[in-house]
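Report on the structure
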Amino acid sequence: MKRRSPRRLAVVLAALLALLAVVLAAAWQLTPRPARTLTLQVTSARGSSIPVTLTLPGRTGGGVPLVICCHGFTGNRGLDGHYDPLAQRLAEAGIATAALDFAGNGESTEPFTAYTLDSMTADLAAVRAALTADYPVDAERVGLLGHSMGGRLVALNLDETVAAAALWSPAAAPGLDGLEFLNHDAAGREELRAAAESAGTVDLPQWGVTISLDFITQMADSDPWAALTGYQGPLLVAFAAGDVDLLSQGTIDGTRAAADARGADWLDLYGQYEDATHNYTGLTAENDAAVRERIETQTAEFFIEALG
């Protein structure tokens, strides 16, 4: 019987061990890993803390896409209950999700008078910079999701560095018309501005907050439609039947026209949410779960295709 040499046995053993390592590595890669959700504090340009929720997929590799969510007026980073299920859907596809509380909202310790378009823009930039620097996020694949006033903010910040954008019922009318959710009458909006110019702030008892003259002035000076028209990236725009309580048909039509004027394809969800409130909850308790499921699924699929 021919004996194998020790050297040959060593070579065979090394080959088997290498093969085993490959198999184990492949199995590890295929094994599902749960998403991780972190609560963070990012320092703003004002020196205050910005509360942030970050959800990372189980596997991050060399860098994953990121979607940053921007809530609406007097909202918070929970996004009316949409954040968690949306973040989980995106995590399953290997995409990270983050949301922040703007000044005076949610767990922010600042007064609501610090809530302005300028402060929101600065906070969005600070959070984006912190997450792309400190976490395994691909800085070239960052998408933005904005609801209502958050949608206005996102529209105003669209440029070539935004890989994809989703606008849920954006308060996007140019100038003071963007304040129609506070007063449907143009004269009433001018009265708000005049009162702010006189006192520096205006109380909004129906909303439980006080807004600053800076907020009103920056609204008057901004034009989301112009910014939206110049954006060439993947775009989703949704409006719901419940928007008429806060937004005008002119805002809906004008926003969709601005999206059309880009000359690029976009996903138009107008007319698909006749059973939804402005916050994409159900108009009735019976259809609430179905509405939530639909907007979260369509938005997740949009970002997966755009950022994947």
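Not measured: the values here are computed from a predicted model.

Quick word on the overall build of the chain
Broken down by element type, the chain carries nine helices and ten strands. Out of the 308 residues in the chain, the part that is buried amounts to 48%. Of the contacts formed within the chain by residues at least 6 apart in sequence, a portion of 68% connects residues at least 24 apart. Approximately 14000 Å² of the chain is accessible, and the part contributed by carbon and sulfur atoms is 54%.

Brief notes about the environment of A122
The residue A122 is located in helix 3 (residues 117-134) in this model. Between the alpha carbons of A122 and R46 there is a distance of 9.0 Å; along the sequence they are 76 residues apart.

Describing the side chain of S222
With respect to the helices and strands, S222 occurs in the loop between helix 6 (213-220) and helix 7 (224-229). The class of S222 is buried, set by a relative accessible area of 10%. Within polar-contact distance, the side chain of S222 engages the side chain of R152 at 2.9 Å. Setting aside anything within four residues of it in sequence, one finds S222 in contact with L117, R152, L156, P174 and G175.

Structural notes on unusual backbone geometry
Positive phi values are uncommon outside glycine, yet D80 reaches one of about 55°. Take D80: it is sitting in the loop between strand 3 (64-70) and helix 2 (83-92). The class of D80 is partly exposed, set by a relative accessible area of 37%. A positive phi is found at Y280, a non-glycine position, where the angle reads about 60°. Within the secondary structure, Y280 is located in the loop between strand 10 (267-268) and helix 9 (288-307).

What about the pairing of strand 6 (residues 164-168)?
Burial analysis of strand 6 places five of its five residues in the buried class, which makes it a mostly covered element. Of the two faces of strand 6, the one carrying A164, A166 and W168 and the one carrying A165 and L167 are both buried. Across five bridges, the pairing between strand 5 (residues 137-147) and strand 6 is parallel. When the bridges of strand 6 are listed, H147 appears paired with W168. Where strand 6 lies against strand 9 (residues 235-238), four bridges are found, and the strand directions are parallel.

Things to note about the packing of aromatic side chains
This model, assessed by the stated rule, comprises eleven aromatic pairs. Here the aromatic rings of F73 and W207 are separated by 5.1 Å at their centres, their planes lie at 85°, and the arrangement is edge-to-face. Separated by 134 residues along the polypeptide, F73 in the loop between strand 3 and helix 2 and W207 in the loop between strand 7 (201-204) and strand 8 (209-212) bring together distant segments of the chain. Residue F73 is classed as buried on the basis of its relative accessible area, which comes to 8%. Seen in terms of ring centroids, F302 and F303 are 5.1 Å apart; in terms of plane orientation they differ by 65°. Their pairing is edge-to-face.

A short note on the sheet that holds strand 3
Each strand in a sheet pairs with its neighbour through backbone hydrogen bonds, running either in the same direction (parallel) or in the opposite one (antiparallel). Across the sheet, which stays open at both edges, the eight strands sit in the order 1-2-4-3-5-6-9-10 with mixed pairing between neighbours. The two strands at the open ends of the sheet, each matched to only one other strand, are strand 1 (36-43) and strand 10. Strand contacts of helix 2: strand 1, strand 2 (49-56), strand 3, strand 4 (96-100) and strand 5, with the helix running at about 45° to strand 2, the strand carrying the most contacts. Relative to strand 6, helix 9 is tilted by about 165°, and along the sheet it contacts strand 3, strand 5, strand 6, strand 9 and strand 10.

Quick word on the packing of helix 2 against helix 9
Two elements in contact, helix 2 and helix 9, have axes whose closest approach is 9 Å; the angle formed by their N-to-C orientations is 35°. Here the hand of the crossing between helix 2 and helix 9 comes out right-handed. Side by side, helix 2 and helix 9 meet where P85, L86, R89 and L90 of the first sit next to E293, E296, T297, T299, A300, F303 and I304 of the second. Looking at side-chain class alone, the contact of helix 2 with helix 9 contains six nonpolar, two polar and three charged residues.

Procedures and definitions
- Residues numbered from 1 in each chain as written.
- Predicted model: local features only at pLDDT ≥ 70, side-chain atom pairs only at ≥ 80, totals over all residues.
- Heavy atoms only, no water.
- Helix = DSSP H or I, 4+ residues; strand = E, 2+ residues; numbered from the N terminus.
- Buried < 20%, exposed > 50% of the residue type's maximum accessible area, 1.4 Å probe, protein only.
- Contact = heavy atoms within 4.5 Å.
- Areas by Shrake-Rupley, 256 points an atom, 1.4 Å probe, with all protein chains shown as cover.
- Polar contact = N/O pair within 3.5 Å; in protein donor to acceptor, adjacent residues only side chain to side chain.
- Pairing = 2+ DSSP bridges.
- Phe/Tyr/Trp six-rings, centres within 6.5 Å; stacked < 30°, edge-to-face > 60°.
- Axes fitted to C-alpha atoms, helices over the stretch in contact; angles between N-to-C directions.
- Left-handed = near helix turned anticlockwise from the far one by under 90°.
- Nonpolar A, V, L, I, M, F, W, Y, C, P; charged D, E, K, R; others polar.

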